[in-house]
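# Analysis of the macromolecular model
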Amino acid sequence: MIIVLEKNISEEKKNYILKRIYDCGLTPHISVGIEKTIIGVVGDERILQGKPIDGIPGIEKIISILKPYKLVSRDFKKENTIINVKGNKIGDGNFAFIAGPCSVESREQIDSTAEFLFKQGLFFLRGGAFKPRTSPYSFQGLGKQGLDYLKEVSIKYNIGIVSEVMDTRDIEISYNSIDIFQVGARNMQNYSLLTELGKQDKPVLLKRGMSSTIKEWLMAAEYIMLKGNSNIILCERGIRTFEDYTRNTLDLSSVIAIKKMSHLPVLVDPSHGTGRKDMVLPMSLAAKVIGADGVIIEIHPEPEKALSDSQQSLNFEEFEKLIKKVSSLKCPD
Ligand code: PEP
Ligand code: MN
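Calculation rules
- Residues numbered from 1 in each chain as written.
- Chains lettered and ligands numbered in written order.
- Predicted model: local features only at pLDDT ≥ 70, side-chain atom pairs only at ≥ 80, totals over all residues.
- Heavy atoms only, no water.
- Helix = DSSP H or I, 4+ residues; strand = E, 2+ residues; numbered from the N terminus.
- Rg over C-alpha atoms; globule rule 2.2 N^0.38 Å.
- Buried < 20%, exposed > 50% of the residue type's maximum accessible area, 1.4 Å probe, protein only.
- Contact = heavy atoms within 4.5 Å.
- Lys, Arg positive; Asp, Glu negative; His and termini not counted.
- Charge placed at Lys NZ, Arg CZ, Asp CG, Glu CD.
- Phe/Tyr/Trp six-rings, centres within 6.5 Å; stacked < 30°, edge-to-face > 60°.
- Pairing = 2+ DSSP bridges.
- Axes fitted to C-alpha atoms, helices over the stretch in contact; angles between N-to-C directions.
- Donors = N, O, S within 2.8 Å, 3.2 Å for Na, K, Ca; no water.
- Domains from an automatic or database assignment.
- Disulfide = S-S within 2.5 Å.
- Salt bridge = Lys/Arg side-chain N within 4 Å of Asp/Glu carboxyl O.
- Polar contact = N/O pair within 3.5 Å; in protein donor to acceptor, adjacent residues only side chain to side chain.
- Near = heavy atom within 4 Å.
- Areas by Shrake-Rupley, 256 points an atom, 1.4 Å probe, with all protein chains shown as cover.
- Nonpolar A, V, L, I, M, F, W, Y, C, P; charged D, E, K, R; others polar.
- Parallel < 35°, antiparallel > 145°, perpendicular 65-115°, else oblique.
- Left-handed = near helix turned anticlockwise from the far one by under 90°.
- Expected span 1.5 Å × (residues − 1).

This part takes up the overall build of the protein. Regarding its fold elements, the protein presents 10 helices and 14 strands. Relative to the globule expectation of 20 Å for 333 residues, the C-alpha radius of gyration of the protein, 21 Å, shows essentially globular dimensions. If one aligns the C-alpha atoms of the protein with their principal axes, the spans along those axes are about 65 × 40 × 40 Å. The 333 residues of the protein split such that 54% are buried. Intrachain contacts of the protein at a sequence separation of at least 6 include 68% that bridge at least 24 residues. Across the protein, the centroid of the 45 positively charged side chains sits 2 Å from that of the 42 negatively charged ones.

Here the focus is the packing of aromatic side chains. Applying the stated criterion across every chain, the model contains seven aromatic pairs. For the pair Phe116 and Phe316, a centre-to-centre distance of 4.4 Å together with 5° between the ring planes defines the contact as stacked. Placement of Phe116 in helix H2 (residues 107-120) and of Phe316 in helix H10 (residues 316-328) is noted, with a sequence separation of 200 residues between them. According to the relative accessible area criterion, Phe116 is buried, its value standing at 9%. Judged by centre distance (4.9 Å) and plane angle (80°), the ring pair of Phe123 and Phe124 falls under edge-to-face.

Another aspect to go through is the sheet that holds strand S1 (residues 2-5). Ordered by their spatial adjacency, four strands build an open sheet running S2-S3-S1-S4, and the pairing between neighbours is antiparallel. Bordering the open sheet on either side are strand S2 (27-32) and strand S4 (59-63), each of which pairs with just one other strand. Neighbour to neighbour, the strand axes of the sheet diverge by 20° on average, direction disregarded. Bridge analysis of S1 against S4 gives four bridges, and the strand direction is antiparallel. Across the sheet, residue Ile2 finds its bridge partner in S4, namely Ile63. Each of S1, S2, strand S3 (37-42) and S4 is contacted by helix H1 (residues 11-23), which is oriented at about 150° to S2, the strand it contacts most.

Taken together, Cys102 (SG), His272 (NE2), Glu298 (OE) and Asp309 (OD) make up the protein donors of the manganese ion (ligand 2), found 2.0 to 2.4 Å from the metal. We note that the donor set of the manganese ion (ligand 2) lies within a single chain, spaced as C-x169-H-x25-E-x10-D. In this pair, His272 is assigned in helix H8 (residues 270-274) and Glu298 in strand S14 (residues 294-298), connecting sequence segments 26 residues apart. As far as burial versus exposure is concerned, His272 and Glu298 are alike and both buried.

Looking now at the domain arrangement of the protein. Domain boundaries assigned for the protein yield domain 1 (2-63) and domain 2 (83-328). Summarising the inter-unit geometry, the C-alpha centres of domain 1 and domain 2 are found 36 Å apart.

Scanning all chains against the criterion turns up zero disulfides. Residue Cys235 stays outside any disulfide, its sulfur separated by 13 Å from that of Cys102, the closest cysteine.

Here we take up the side chain of Glu164. Considering the arrangement of structural elements, one finds Glu164 in strand S9 (residues 160-164). For the buried Glu164, no salt bridge exists, and the shortest N-O distance to an oppositely charged side chain is 4.9 Å, to Lys131. Within the structure, the side chain of Glu164 is placed 3.5 Å from the backbone nitrogen of Gly184, a separation counted as a polar contact. For Glu164, the contacting residues outside a window of four places in its chain are Phe130, Pro132, Gln182, Gly184 and Asn187.

It is worth spelling out the site of ligand 1 at this point. Around ligand 1, the surrounding shell holds 13 residues, and the nearest of these are Arg126, Lys131, Ala185, Arg186 and Arg237. For ligand 1, an oxygen atom lies 2.9 Å from a polar atom in the side chain of Lys207. Here an oxygen atom of ligand 1 sits 2.7 Å away from a polar atom, N or O, in the side chain of Arg237. Protein contact buries 97% of the 300 Å² of open area that ligand 1 shows by itself. Broken down by class, the residue content of the shell around ligand 1 amounts to three nonpolar, three polar and seven charged.

All right, on to the packing of helix H6 (residues 214-226) against helix H7 (residues 253-261) then. Contact geometry of H6 with H7 gives a least axis separation of 11 Å together with a crossing angle of 50°. Relative to H7, H6 is oriented oblique. In this structure, the crossing between H6 and H7 has a hand that is right-handed. Between H6 and H7, the contacting residues are Ile214, Trp217 and Leu218 on the first element and Ser254, Ala257, Ile258 and Met261 on the second. Looking at the contact of H6 with H7 residue by residue, the class counts come to six nonpolar, one polar and no charged.

Take H2 next. Helix length check: H2 (14 residues) gives 20 Å between terminal C-alpha atoms against 20 Å at 1.5 Å per residue, within 8%. Buried residues of H2: Gln109, Ile110, Asp111, Thr113, Ala114, Phe116 and Leu117, and no others. In the core, the buried residues of H2 are packed alongside strand S7 (96-100), strand S8 (124-126), helix H3 (144-157) and H10. Positive phi appears at Gly121, one or two residues downstream of H2, with a value of about 80°.

The structure is reproduced here in structure tokens:
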């Protein structure tokens with residue numbers, strides 16, 4: 001249920017409404033917008049039967065949200081959410097290019113990638129220190145050592161770090177090295193991880209699970225937002241279908257659906273979405289045209305030597321071309 005408060009409501013009236021909600025055993029979430037202040041009420045609304053709150057002074061209207069996802073829905077918040085990391089915005093017309101290697105492999109690899117991004121005027125560097133690999137025999141990432149390399153370059157080049165946490169224990173280890181926590185496709189429904197990230201004061205990039213519906217994806221975001229962290233970026237990274245020419249089937253239609261259903265920004269990952277470097281540029285262009293809020297792309301100084309996802313990684317020259325082409329493309333209204 002969404003309670004829309006009257007404009008210029010007094011603090012006293014607002015506090016009274018909040019108290020009534022708490023007294024009923026429900027949890028209110030306040031969102032102060034430019035136009036309106038609204039309270040999202042989470043919990044079993046049937047509790048309110050027989051204890052009507054709509055007559056309380058200061059309430060303009062009450063909207064019942066029947067959808068299973070509430071706080072992340074457009075009904076809860078009409079305006080697009082903007083993520084801001086040190087003045088670098090994602091969402092509501094701010095198109096982001098996040099790039100970097102699949103895995104952090106060495107100090108030199110991360111430094112040269114960060115330097116390249118810095119020279120391109122880009123802010124966000126991606127790179128996994130904890131890697132969710134299909135095979136336990138594959139390279140599992142450098143762990144803490146990788147985080148230290150990321151930290152070094154974030155200071156040296158003043159760039160923002162996006163890196164994956166696979167487990168609640170990784171959050172504390174990574175906290176000082178990371179600006180945006182990435183939740184990978186394999187962990188989209190790791191509810192204890194989502195709940196813990198909901199308590200953090202840094203944004204979360206939530207990838208779509210490879211077999212998850214759009215609704216399940218939004219419900220995963222709801223777990224994070226329910227704990228108080230509304231800085232969530234969704235990321236379409238392809239889903240598993242019967243098609244095997246591509247690594248996954250990049251479901252661009254989900255971006256259009258999300259834009260209608262939610263106020264959260266949504267990125268496209270054409271690297272994992274296709275698994276093929278020849279498709280990364282055309283899919284990035286398509287992402288821009290359909291209104292995605294950015295792309296996250298795997299790049300490597302020497303893609304053929306990459307320890308993971310070599311076939312889908314672009315070299316710096318290819319990525320520079322992509323930035324130019326995508327930047328020059330306008331998203332039609
Ligand atoms: C990654 O970003 O390197 C990754 C493992 O992605 P996904 O979780 O989408 O497979
Ligand atoms: Mn990868």
